[in-house]
Amino acid sequence: MNALAIAAPGPTTEAPATAPPAAHVEIRQLGKRFGANTVLQDLALSVGQGEFISLLGPSGCGKTTLLRLIAGLMLPDTGTITIGGRDLTRTPPHKRNVGVVFQNYALFPHLTVAENVGFGLRNRRIGGEELKRRVDEALALVRMQAFAERSVTALSGGQQQRIAVARAIAVEPAILLLDEPFSALDRKLRETMQIELRHILRDLGITSIFVTHDQDEALVMSDRIAVMNQGQIEHFGAPSAIYTHPASLFVLEFVGQSTRLPGLVTRTEGDQVEVETALGRLRAPGGYLAGSRVVVAVRPEAVTLGEGPVAEFNMIKAPLADIVYLGAKTQLHFKGPEGEAIQVDLARLPQGGLAAGAELSLRWRIADTMLFPAP
Ligand code: ATP
């Protein structure tokens with residue numbers, strides 16, 4: 001981090017619009033190493049009762065390891081995991097009352113749908129009418145009652161995933177852990193399942209922790225998202241807070257798209273700073289000292305074409321390099337003088353269209369401008 005930077009652009013944890021419910025899962029100072037490889041380090045996470053949170057991050061950042069530690073499938077080197085006020089750090093998995101849904105469903109191929117869903121209940125010595133009632137209820141929740149007697153091998157991927165969810169919730173777990181449960185499904189089905197599962201789990205009020213590397217999935221499903229990087233949580237907050245006020249350059253780059261322009265703070269004025277960039281002077285809210293090396297950032301949908309009042313807007317000029325039509329929006333790609341990539345997303349193109357190569361004026365609100373210490 002730049003030594004002259006005196007304030008990071010956002011807190012690493014922040015309250016969502018409504019305060020989260022009382023902590024149900026409390027993780028403190030969790031650490032895990034495999035040989036010389038430190039996978040999780042001093043990790044803290046507090047999940048509210050009935051909350052749906054996602055662990056989001058690139059491959060290898062430690063999401064699955066964290067989930068396996070919560071499930072009890074491996075033990076941490078340091079730290080504690082408390083669920084419902086009980087310290088379960090060293091409790092074996094079958095005594096934690098934790099439901100797990102894996103990426104590959106892990107259904108038993110020799111059992112029917114109903115037998116798969118009832119598996120955990122029979123293990124808990126529940127039989128007879130109660131077994132039947134609870135299997136029926138779980139199948140009804142995932143709208144699969146009509147398939148009860150079918151072999152699970154005669155189901156589609158989406159149907160198998162519904163059964164895996166039904167099996168996990170039939171035992172009424174204290175918390176539900178889901179490890180990339182939709183990654184094998186095609187995009188349309190995945191989107192349907194995301195909405196369906198979100199409704200089911202909200203209605204049941206089960207505290208859920210969901211692992212994904214898909215930012216859209218995390219934004220759609222979660223009450224809060226924990227963005228992980230190299231075994232640590234860089235930002236834990238509501239999806240809108242993660243998107244509009246990312247706590248670090250890593251979070252900004254990992255969630256959504258952005259234009260990022262390196263620069264030098266030349267002046268501070270009240271709660272604003274002025275930054276010299278290759279595209280001219282830009283202003284941004286933030287507390288940095290003159291001389292700080294920073295990155296100015298803006299989301300593509302915050303930028304529009306044309307000029308505006310200087311008191312409110314940052315303005316630059318750049319040549320249009322490419323136009324990408326995406327149906328609901330059109331992406332305009334500009335190139336700065338030092339090769340900076342500038343992206344603008346427009347819901348509608350201006351009348352008369354646009355021609356690649358044209359030098360255009362771009363503007364965005366100073367209030368929409370983000371500032372980060374240069375890496
Ligand atoms: P992905 O999205 O690819 O599943 P992830 O964020 O879930 O990644 P983890 O599976 O938690 O990442 O792995 C984190 C790191 O720990 C990786 O470098 C991985 O190689 C290592 N790792 C995980 N499990 C073991 C193990 N049993 N033995 C040794 N190293 C492991």
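Just so it is clear, the model here is predicted, and its values are computed rather than measured.

This part takes up the environment of Gly72. If you trace the backbone, Gly72 turns up in the loop between helix 1 (63-71) and strand 4 (78-83). Overall, the relative accessible area of 12% leaves Gly72 in the buried class. Remark: the alpha-carbon pair of Gly72 and Val98, spanning 26 residues in sequence, is separated by 8.9 Å. With residues up to four places along the chain from it excluded, the contact list for Gly72 reads Pro93 and Arg96.

Let us look at the pattern of salt bridges. Across all of its chains, the model carries 18 salt bridges by this definition. Between Glu130 and Arg134 there is a salt bridge, and its shortest N-O distance comes to 3.1 Å. A residue pair is termed a helical-turn pair when its members lie 3 or 4 positions apart in one helix, as Glu130 and Arg134 do in helix 3 (residues 128-141) at 4 residues. What makes Arg134 buried here is its relative accessible area of 11%. A salt bridge links Glu307 to Lys317; the nearest nitrogen and oxygen atoms lie 3.5 Å apart. One end of the pair, Glu307, is in the loop between strand 15 (304-305) and strand 16 (313-325); the other, Lys317, is in strand 16, and 10 residues separate them in sequence. Linked by salt bridges that have partners in common, Glu130, Arg133, Arg134, Glu137 and Glu172 make up one network.

In this section: the sheet that holds strand 8 (residues 207-212). The strand order across the open sheet formed by 6 strands is 6-7-8-3-9-10, and the pairing between neighbours is mixed. Of all strands in the sheet, those with a lone pairing partner are strand 6 (98-101) and strand 10 (232-237), marking the two edges. Geometrically, the sheet is characterised by an average inter-axis angle of 20 degrees between neighbouring strands, direction not taken into account. Of the strands in this sheet, strand 3 (52-56), strand 6, strand 7 (175-179), strand 8 and strand 9 (224-229) touch helix 1, which is tilted by about 150 degrees from strand 7. Its contacts with the sheet place helix 4 (residues 157-170) against strand 6 and strand 7, and it is angled at close to 175 degrees to strand 6.

So, on to the sheet that holds strand 13 (residues 280-285). Spatially, 13-12-11-14-20 is the arrangement adopted by the 5 strands of the open sheet, whose pairing is antiparallel. One side of each edge strand has no neighbouring strand; the edge strands of this open sheet are strand 13 and strand 20 (370-373). Going across the sheet, the axis of each strand differs from the next one's by a mean of 45 degrees, ignoring polarity. Where strand 11 (residues 259-269) meets strand 14 (residues 293-298), 6 bridges bridge the pair, whose relative direction is antiparallel. Its bridge partner lying in strand 14, Thr259 is registered against Val298.

Another aspect to go through is the packing of helix 4 against helix 5 (residues 187-204). Between helix 4 and helix 5, whose axes approach to 11 Å, the crossing angle comes to 15 degrees. Judged by the angle between their axes, helix 4 and helix 5 are roughly parallel. For the pair helix 4 and helix 5, the crossing hand works out as right-handed. Every residue of helix 5 that contacts helix 4 at Gly158, Gln161, Arg162, Val165 and Ile169 is listed here: Leu189, Met193, Glu196, Leu197, Ile200, Leu201 and Leu204. The residue inventory of the contact of helix 4 with helix 5, partitioned by class, reads 8 nonpolar, 2 polar and 2 charged.

A few words now on the site of the ligand. If you check the shell around the ligand, you find Phe34, Asn37, Val39, Pro58, Ser59, Gly60, Cys61, Gly62, Lys63, Thr64, Thr65 and Glu180 and nothing else. Take Thr64: an N or O atom from its side chain is 2.7 Å from an oxygen atom of the ligand. Thr65 places a polar side-chain atom, nitrogen or oxygen, 2.6 Å from an oxygen atom of the ligand. For the ligand, whose unbound accessible area comes to 630 Å², protein coverage reaches 57%.

Considered domain by domain, the protein chain is made up of domain 1 (23-97 + 173-254) and domain 2 (259-373). For domain 1 versus domain 2, the separation of C-alpha centres amounts to 34 Å. On the side of domain 2, 8 residues touch domain 1, which itself brings 9 residues to the contact. On the domain 1 side of the contact with domain 2, Tyr243, Leu249 and Leu252 bury the most area, a combined 73% of that side's loss. Where domain 1 touches domain 2, the interface holds 1 salt bridge. Between Arg260 and Glu253 there is a salt bridge, with the nearest N and O atoms lying 3.6 Å from each other. There are 2 residue pairs in polar contact (both at pLDDT 80 or more) connecting domain 1 and domain 2. Elements with a contribution of two residues or more to the side of domain 1 that touches domain 2: helix 7 (239-244) and helix 8 (249-254). Each residue belonging to the side of domain 1 that touches domain 2 can be placed in one class, and the counts come to 6 nonpolar, 2 polar and 1 charged.

About the cut-offs
- Residues numbered from 1 in each chain as written.
- Predicted model: local features only at pLDDT ≥ 70, side-chain atom pairs only at ≥ 80, totals over all residues.
- Heavy atoms only, no water.
- Helix = DSSP H or I, 4+ residues; strand = E, 2+ residues; numbered from the N terminus.
- Buried < 20%, exposed > 50% of the residue type's maximum accessible area, 1.4 Å probe, protein only.
- Contact = heavy atoms within 4.5 Å.
- Salt bridge = Lys/Arg side-chain N within 4 Å of Asp/Glu carboxyl O.
- Pairing = 2+ DSSP bridges.
- Axes fitted to C-alpha atoms, helices over the stretch in contact; angles between N-to-C directions.
- Parallel < 35°, antiparallel > 145°, perpendicular 65-115°, else oblique.
- Left-handed = near helix turned anticlockwise from the far one by under 90°.
- Nonpolar A, V, L, I, M, F, W, Y, C, P; charged D, E, K, R; others polar.
- Near = heavy atom within 4 Å.
- Polar contact = N/O pair within 3.5 Å; in protein donor to acceptor, adjacent residues only side chain to side chain.
- Areas by Shrake-Rupley, 256 points an atom, 1.4 Å probe, with all protein chains shown as cover.
- Domains from an automatic or database assignment.
- Buried area = accessible area lost by both parts, 1.4 Å probe.

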